[in-house]
Amino acid sequence: MKRFAFEGRNWIILIVAIAALIVGYSIMATGDKTISIIILMIAYLVLFPLSIMLGWKKSGEEKGD
């Protein structure tokens, strides 16, 4: 049993999501709210859930160690 289920691809997607948040809020600070809202929605509604749920297996399916 693993203590922490994040793998390499989960971390990469999580880092991309955090970068998208930084970019989105930076663009919002300059005044362009349309593009920033789109970027922030992609980060919050797609990238963060994808980084958490990607790679989950059904119970009973374990990698052979």
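Our subject is the structure that appears above.
The sections below set out a description of the structure shown in this document. (Residues numbered from 1 in each chain as written. Predicted model: local features only at pLDDT ≥ 70, side-chain atom pairs only at ≥ 80, totals over all residues. Heavy atoms only, no water.)

This paragraph deals with helix α2 (residues 33-53). Helix length check: α2, at 21 residues, gives a terminal C-alpha distance of 29 Å against a target of 30 Å (1.5 Å per residue), a fit within 8%. For α2, the principal kink sits at Ala43 and spans about 35°. Considered for burial, the residues of α2 that qualify are Ser36, Leu40, Ala43, Leu47, Phe48 and Ser51. Contacts made by the buried residues of α2 are with α1 (8-30). Note on α2: the residue one or two positions beyond its end, Gly55, has a positive phi of about 95°. (Helix = DSSP H or I, 4+ residues; strand = E, 2+ residues; numbered from the N terminus. Expected span 1.5 Å × (residues − 1). Bend = angle between axes of the 7 residues up to and from the residue. Buried < 20%, exposed > 50% of the residue type's maximum accessible area, 1.4 Å probe, protein only. Contact = heavy atoms within 4.5 Å.)

With respect to the helices, strands and loops of the structure, Ser26 is situated in helix α1. Accessibility expressed as a relative area gives 39% for Ser26, which makes it partly exposed. Placed ten residues apart in sequence, Ser26 and Ser36 show a C-alpha to C-alpha distance of 8.1 Å. At a separation of 2.7 Å, a polar atom in the side chain of Ser26 contacts the main-chain carbonyl oxygen of Ile22. (Polar contact = N/O pair within 3.5 Å; in protein donor to acceptor, adjacent residues only side chain to side chain.)

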